[in-house]
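So the chains spell out like this:
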Amino acid sequence: MLTVRAPATSANLGSGFDVFGVALTRPADVVRVERASETTIEVTGAGAEFVPTEPAENTAGVVARELDAPAHIEIDKGVRPSSGLGSSASSAAGAAVALNELYDRGLSREELVWLAAEGEAVVSGEAHADNVAPSILGGFTIVTDEGITRIDADLPVVVCLPETVVSTREARGVVPESVEMDQMVETVGNASTLVAGMCRDDPELVGRGLTDPVVTPARADLIEGYDAVADAAREAGATGVTVSGAGPGVLAVCRDCDQRRAVASAMVGAFGEAGVDAQAYQTGIGRGAEILGE
Ligand SMILES: Nc1ncnc2c1ncn2[C@@H]1O[C@H](COP(=O)(O)OP(=O)(O)O)[C@@H](O)[C@H]1O
Ligand SMILES: N[C@@H](CCOP(=O)(O)O)C(=O)O
């Protein structure tokens, strides 16, 4: 079987709603594929019971259909569904890279991003690419209708995942339909600061650029304990905190790798005080999907 490791991702990064994303060094989905006359799917791992095995409802199955590449697909979920860590996107990205190789389709990594985004449409109702782009390409990605820009960033981060569920569809429903001019100016300033920070691997700039006055405050209300967790992470030294993707995961940028332990423990502790169990990943910005072998 051909095996691909496709990383979890964190989309939006506060000021880059539906545009920014980063690949994380961990966790990741592992997707195994072999040729078959029709597509079948088996799912194991974190939250497997919440992932449909019907190909038309599974992001990996939709990718197989779009690529006309029927296969038996085994997905070992490292990324729990409805986490804000691009769980459905990791499977779509892994399947796209694996099936492209298995069937020798010759598509470029960027072409695979748009293909994998079709898989995402089955979950959120829209073919958004801000998770599949970093999962396939790695690093920090900027996705617009005009194309994808990739920056090879390297920063230590912590992602804290509470034992609660927020579906991307639900979290899209609370996003305001319009913004005021002063909110737009603030968002453009923060997004620009963040991009400069990614280009320089500068955690101070990236942390500052994570703030957004529109989407994050609306979504934070869906996450029990969010404000306390964000305060705790900052007190432990994080340069900035935001909702990871559509939540409920919370992302914090750290000054250095050693600081991650304290930030992780502060975030888990603050969720605990709010009565919510949580786990933290000490992670960083990492590589895109990798073929591990046959
Ligand atoms: N291969 C897959 N892996 C994970 N979730 C999937 C997959 N295919 C379909 N889904 C569905 O996608 C939803 C999770 O996606 P989403 O809400 O975007 O969460 P996340 O923030 O983790 O990406 C769940 O309802 C799940 O059943
Ligand atoms: N831009 C999307 C990203 C959703 O990410 P996920 O990891 O929660 O699936 C959004 O914010 O809706």
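Everything numeric here is computed off the predicted structure, so don't read it as measured data. (Residues numbered from 1 in each chain as written. Chains lettered and ligands numbered in written order. Predicted model: local features only at pLDDT ≥ 70, side-chain atom pairs only at ≥ 80, totals over all residues. Heavy atoms only, no water.)

Caption draft 1: Layout of the sheet that holds strand β10 (residues 278–284). Strand order in the open sheet formed by four strands is β8-β9-β7-β10, and the pairing between neighbours is antiparallel. Only two strands of the sheet have a single neighbouring strand rather than two, namely β8 (240–243) and β10. Going across the sheet, the axis of each strand differs from the next one's by a mean of 20 degrees, ignoring polarity. Two elements, β8 and strand β9 (residues 250–253), share four bridges in a ladder whose sense is antiparallel. Residue pairing across strands places G240 opposite V253, the latter belonging to β9. The sheet strands contacting helix α9 (residues 226–235) are β8 and β9, and the helix crosses β8 at an angle near 155 degrees. (Pairing = 2+ DSSP bridges. Helix = DSSP H or I, 4+ residues; strand = E, 2+ residues; numbered from the N terminus. Axes fitted to C-alpha atoms, helices over the stretch in contact; angles between N-to-C directions. Contact = heavy atoms within 4.5 Å.)

Caption draft 2: Region of interest: unusual backbone geometry. The omega angle of the peptide bond from R26 to P27 is 5 degrees, so this bond is cis rather than trans. Along the chain, P27 turns up in strand β2 (residues 20–35). Residues G247 and P248 are joined by a peptide bond in cis, for which omega reads 5 degrees. Note that P248 resides in the loop between β8 and β9. A positive phi angle is found at N12, which is not glycine, with a value near 80 degrees. Here N12 shows up in the loop between β1 (2–11) and β2. The phi dihedral of D104 falls on the positive side, at around 50 degrees, and the residue is not glycine.

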